[in-house]
Amino acid sequence: MDFKVAGTSNGVTSLQMDIKIAGITEEIMKVALAQAKDGRLHILGEMSKALTTSRAELGEFAPRIETLKIPTDKIRDVIGSGGKVIREIVEKTGAKINIEDDGTVKVASSDGNSIKAAINWIKSIASDPEVGMIYEGTVVKTGVRRLRELLRLKDGLVHISQLSKQRVNKTTDVVKEGDKVKVKLLGFDDRGKVRLSMRVVDQETGRGQGKGREGSRRRRRADIGRPLGK
């Protein structure tokens, strides 16, 4: 007989049994449960010497799974062509990711920071940019008249007049390819391209500079080039 008993000091919570005979008697069950209780209480007593109460949160390195939901039309963006995007998220965060057809995303890891980074990265891809929000991204191309900023897999443009409060002769005087910059989403042009501004954002604090809602908008990160949340 293979008989497993689990529980707390207050009682049994689960049982599991495998037997290779036709059945067992009530007396055998009484003895087995009594032995299991003695063993359980002894183990719980030893455990309480190290930890008297349960933790409010899981330990830093305890395995865990967290779930989030994304729009189904964003699944392909998170996966990327040939799985390129999701592979990069997995490689750089260390988390395991499973995406279901209904948009349910399960992220697993023994590192809480790894899960947080992966979830933030996925959210940055799966949600649409909002006008007035402040983001962080990577400069992917510069030019004399404009700066292209990668924002949630979309090309955002920072006109040379929006690079700095000071007069700028060329974009490379302020930024270069690969720089991490903070920008405010001003809106969209007639082709749907994202219009961004650096001059209205404090590059040190990430806070908006100016009147109205510019200074109070919360900052969202959209750096596709590395794991978010770090």
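Bear in mind the structure is a predicted one, so any value in this text is a computation, not a measurement.

Draft legend 1. Summary view of the overall build of the protein chain. When you go through the protein chain residue by residue, the secondary structure sums to 4 helices and 11 strands. The buried share among the 230 residues of the protein chain stands at 33%. Sequence separation of at least 24 residues holds for 60% of the intrachain contacts in the protein chain that already meet a minimum separation of 6. Working note: accessible area of the protein chain is about 14,500 Å², and carbon and sulfur atoms make up 50% of it.

Draft legend 2. Fine view of the pattern of salt bridges. Counted by the stated rule, this structure contains 6 salt bridges. In this structure, Asp 2 engages Lys 4 in a salt bridge whose closest nitrogen and oxygen atoms are separated by 2.8 Å. You can call Lys 4 partly exposed: its relative accessible area is 42%. A salt bridge links Glu 100 to Lys 106, with the shortest nitrogen-to-oxygen separation between them at 3.7 Å.

Draft legend 3. Structural detail: the nonpolar core. Counting residues in each nonpolar core, the largest one holds 19 residues, and the members touching the most others are Ile 70, Ile 89, Ile 97, Val 105, Val 107 and Ile 122. Going through the elements one at a time, α2 (75-79), α3 (84-93), β4 (96-99), β5 (104-109) and α4 (112-126) are the ones with two or more residues in this core. With 7 residues, α4 is the largest single contributor of residues to this core. Residue contacts for Ile 70: discarding those within four places in its chain leaves Ile 75, Val 78, Asp 102, Gly 103, Val 105, Ile 122 and Ala 126.

Draft legend 4. Representation of the sheet that holds β5. Ordered in space as β3-β5-β4, the 3 strands form an open sheet in which the pairing is antiparallel. With partners counted over all chains shown, the strands left at the sheet margins are β3 (64-69) and β4, one partner each. Pairs of neighbouring strands in the sheet enclose a mean axial angle of 20 degrees, with direction left out of account. Here β4 pairs with β5 via 4 bridges, running antiparallel. Residue pairing for β5: Lys 96 is matched across the bridge by Ala 108. Those strands touched by α4 are β3, β4 and β5, and its axis lies near 155 degrees from that of β5.

Draft legend 5. Looking closely at a nonpolar patch on the surface. Taken together, the side chains of Met 1, Met 17, Ile 19, Ile 21 and Ile 28 present a nonpolar region at the surface, about 450 Å² in accessible area. In this fold, Ile 28 is placed in helix α1 (residues 26-50). A residue is classified by how much of its surface remains accessible, and Ile 28, at 41% relative accessible area, is partly exposed.

Draft legend 6. Local environment of the confidence of the model for the protein chain. For the protein chain, mean pLDDT is 81; residues scoring 70 or higher make up 86% of the total. Counting contacts from residues 149-153, a segment whose pLDDT is below 50, to residues more than four positions away or on other chains yields 32 contacts.

Draft legend 7. Fine view of the pairing of strand β10 (residues 194-197). Pairing of strand β9 (residues 180-188) with β10 involves 4 bridges; the strand directions are antiparallel. By the bridge assignment for β10, Gly 187 is matched with Arg 195. Connecting β9 to the next strand, β10, in antiparallel fashion are 5 residues, including Gly 192 with a positive phi near 85 degrees.

Draft legend 8. α4, seen in detail. Over its 15 residues, α4 runs 21 Å from end to end, which matches the ideal 21 Å to within 8%, given 1.5 Å per residue. Among the residues making up α4, those that are buried are Ser 114, Ile 115, Ala 117, Ala 118, Ile 119, Trp 121, Ile 122, Ser 124, Ile 125 and Ala 126. Its side-chain oxygen 3.0 Å from the backbone nitrogen of Asn 113, Asp 111 forms the N-cap of α4.

Draft legend 9. Highlighting the side chain of Arg 64. By secondary structure assignment, the location of Arg 64 is in strand β3. No salt bridge is formed by the buried Arg 64; the nearest opposite charge belongs to Glu 66, separated by 5.3 Å. Apart from residues lying up to four places away in sequence, Arg 64 is in contact with Leu 58, Gly 59, Val 107, Ala 108, Ser 109, Gly 112 and Ile 115.

Draft legend 10. Structural detail: the environment of Gly 59. Structurally, the position occupied by Gly 59 is in the loop between α1 and β3. For the pair Gly 59 and Gly 112, spaced 53 residues apart in sequence, the C-alpha to C-alpha distance is 8.7 Å.

Draft legend 11. Quick look at the packing of α3 against α4. Running from amino to carboxyl end, α3 crosses α4 at an angle of 155 degrees, the nearest separation of the two axes being 9 Å. For the element pair α3 / α4, the angle class is roughly antiparallel. Once α3 is placed against α4, the crossing between them reads as right-handed. Here Val 85, Glu 88, Ile 89, Lys 92 and Thr 93 of α3 lie close against α4, whose contacting residues are Ser 114, Ala 117, Ala 118, Trp 121, Ile 122 and Ile 125.

What counts and how
Each chain has its residues counted from 1, running along the sequence as written. Given that this is a predicted model, residues contribute local features only at a pLDDT of at least 70 and side-chain atom pairs are listed and counted only at 80 or more, while totals for whole chains, interfaces and linings are drawn from all residues. The basis for every side-chain value is the complete set of non-hydrogen atoms in the structure, without hydrogens or water. The way it works is that DSSP assigns letters per residue, a run of H or I at least four long becomes a helix, a run of E at least two long becomes a strand, and they are numbered from the N terminus. Summary of the burial criterion: residues with accessible area below 20% of their type's maximum are buried, those above 50% are exposed, and those between are partly exposed, where the area comes from a 1.4 Å probe applied to protein chains only. Here, two residues are considered to be in contact whenever any of their heavy atoms come within 4.5 Å of each other. In this description, accessible areas are obtained by the Shrake-Rupley approach with a 1.4 Å probe, and a residue is regarded as covered only by the protein chains that are shown. The term salt bridge refers to a side-chain nitrogen of Lys or Arg lying within 4 Å of a carboxyl oxygen of Asp or Glu. Definition used in this section: a nonpolar core is a set of buried Ala, Val, Leu, Ile, Met, Phe, Trp, Tyr and Cys residues joined via side-chain atoms within 4.5 Å. Strand pairing requires that DSSP identify at least two bridges connecting the strands. Fitting a line to C-alpha atoms yields each axis, with helices limited to the stretch in contact; the angle taken between N-to-C directions then spans 0 to 180 degrees. Residues form patches when they are more than 30% accessible in relative terms and have no salt bridge. Like charges link within 9 Å. Nonpolar side chains (Val, Leu, Ile, Met, Phe, Trp, Tyr) link within 5 Å. Per-residue confidence from the predictor is reported as pLDDT, a score between 0 and 100. One less than the residue count of a helix, multiplied by 1.5 Å, gives the span that helix is expected to have. For this analysis, a polar contact is any N or O atom pair within 3.5 Å, provided that within protein one partner can donate a hydrogen and the other can accept it, and provided that sequence-adjacent residues contribute only side-chain to side-chain pairs. None of His or the chain ends enter the tally, which takes Lys and Arg as positive and Asp and Glu as negative. Small angles under 35 degrees read as roughly parallel and large ones over 145 as roughly antiparallel, with 65 to 115 read as roughly perpendicular and the rest as oblique. Note on convention: the crossing is left-handed when the near helix lies turned anticlockwise from the far helix by less than a right angle, right-handed when the turn is clockwise.

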